[in-house]
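Commentary on secondary and tertiary structure
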Amino acid sequence: MPLYKYVTANTAVKILNGSIRFTQPKAFNDPFELLPQFITPKTIVEQEEHSLSLDCMGSRRKGILRNGVKEKDHYKGDFQARRIVGSLNDALGILCLSRNPESLLMWAHYGDEYRGAIIEFDDRHPFFDGQIQVTYKKTRPVYDIADFLGKPFPVADLYIKPNDWSYEKEVRIARPLSSCAEVATDDNGNRVMTMDVPIDCIRGVTMGERMTVENQRIVWELVKHTDISLSLAAIANWNYAFRNEVIKYPGQLVGSPGWSQ
């Protein structure tokens, strides 16, 4: 099943040129990201430092949620979670993708109000090894801090978001920042960390209905001699939906609507 990323036109060009960003948790738009509640015994509360060892690609552990455990309020909170997230910001970057190629909300939020694009990826490509589906829940997760200290823990345990975000059908790939390259600083002062993305893992590009003609031409030049398909998301004549106007089929350009001798 393909993976999708809603992006601005500028980001689409960067991806097609072989570079993709892995974002630190503090740069995400949701302040609850990777921030569960922890049951924290007094012995741990009084410690100044904790040993954290992170597993970027491990699967989510089963049976560690403690939402039903009763505990005094001063031993239950997100103080330790904030410490952990602070450590993660210096340790890993996350690539956020989606299983939903038809979200009007994501077009508006991440696709620059329909001026951007959707990049379609092949989820079977080795570049996406370690992909984890985000879990959506009504209540904020509660863990025992002891399950996260002194031994490697999968960051996937923290991929839990409120039900409000469930329409995104999000999938995540995490990588150590040590395997990324710092290329810039964003408008909020966060380091922009990227990895090289193989062109053969990109299956298609759908340009937004409002993408400028100039940006459409730039994208066309980048894909016309590749196996990547290209289409335009045009407003459908029925319902709140788009119809994909094909410009280039997957594979060689010959036979595609945009081909001419």
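First, a word on what this report is: a plain description of the structure on this page. (Residues numbered from 1 in each chain as written. Predicted model: local features only at pLDDT ≥ 70, side-chain atom pairs only at ≥ 80, totals over all residues. Heavy atoms only, no water.)

Before going further, it helps to spend a moment on the pattern of salt bridges. Opposite charge on two side chains permits them to pair, given that their charged atoms come into close proximity. With the rule as written, the count across this model stands at 16 salt bridges. Put simply, Asp186 and Arg21 hold a salt bridge, and the shortest N to O gap is 3.1 Å. Taken together, the residues span a long stretch of sequence, with Asp186 in the loop between strand 14 (181-185) and strand 15 (191-196) and Arg21 in strand 2 (residues 19-21) at a distance of 165 residues. Across the salt bridge formed by Arg172 and Glu170, the nearest N and O atoms sit 2.6 Å from each other. What makes Arg172 buried here is its relative accessible area of 1%. Among the charged side chains, a salt-bridge network with shared partners connects Glu33, Lys161, Glu168, Glu170 and Arg172. (Salt bridge = Lys/Arg side-chain N within 4 Å of Asp/Glu carboxyl O. Helix = DSSP H or I, 4+ residues; strand = E, 2+ residues; numbered from the N terminus. Buried < 20%, exposed > 50% of the residue type's maximum accessible area, 1.4 Å probe, protein only.)

Bringing unusual backbone geometry into the picture now. Not every positive phi belongs to a glycine, and Asp112 is a case in point at roughly 55°. Topologically, Asp112 is positioned in the loop between helix 4 (104-109) and strand 7 (117-121). Under the relative-accessibility criterion, Asp112 is labelled partly exposed at 30%. We note that Glu113 has phi near 55°; this positive angle belongs to a residue other than glycine. Turning to its location among the elements, Glu113 is positioned in the loop between helix 4 and strand 7. Its relative accessible area of 41% is what places Glu113 among the partly exposed residues.

The next subject is helix 5 (residues 213-223). Listing the buried residues of helix 5 in full gives Val219, Trp220 and Val223. Projected down its long axis, helix 5 carries its buried residues within an arc of 105°, all on one side. Exposed and facing more than 90 degrees away from the buried side of helix 5 are Glu214 and Arg217. For helix 5, the elements touching its buried residues are helix 1 (9-16), strand 16 (202-207), strand 17 (229-235) and strand 18 (242-248). (Arc of directions from axis to C-beta. Contact = heavy atoms within 4.5 Å.)

The next point concerns helix 1. Taken residue by residue, helix 1 has Ala9, Ala12, Val13, Ile15 and Leu16 as its buried positions. Taken around the axis of helix 1, the buried residues stretch over an arc of 160°, which confines them to a single face. For helix 1, the secondary structure elements touched by its buried residues are strand 1 (3-7), strand 2, strand 7, strand 16 and helix 5.

Glancing now at the packing of aromatic side chains. Within the structure shown, the criterion is met by 11 aromatic pairs. With centroids separated by 5.1 Å and ring planes inclined at 70°, the aromatic side chains of Phe38 and Phe148 adopt a geometry described as edge-to-face. Residue Phe38 is located in strand 3 (residues 37-39), and its partner Phe148 is located in the loop between strand 10 (142-144) and strand 11 (152-154); the two are separated by 110 residues in the primary sequence. Note on accessibility: Phe38 and Phe148 belong to one class, buried. The interplanar angle of 45° and the centroid separation of 5.6 Å between the aromatic rings of Tyr114 and Phe242 together place this pair among those described as tilted. Taken together, the positions of Tyr114 in the loop between helix 4 and strand 7 and Phe242 in strand 18 put the pair 128 residues apart, joining distant regions of the chain. Classification of Tyr114 as buried rests on a relative accessible area of 18%. Taking relative accessible area as the criterion, Phe242 reaches 26% and is therefore assigned partly exposed. One aromatic cluster in this structure is built from Tyr6, Trp107, Tyr114 and Phe242. The lysine or arginine in question, Arg61, covers the ring of Phe148, its NZ or CZ lying 5.0 Å from the ring centre. Sitting over the face of the ring of Tyr159, Arg172 holds its NZ or CZ atom 5.2 Å from the ring centroid. (Phe/Tyr/Trp six-rings, centres within 6.5 Å; stacked < 30°, edge-to-face > 60°. Lys NZ or Arg CZ within 6 Å of the ring centre and 35° of its normal.)

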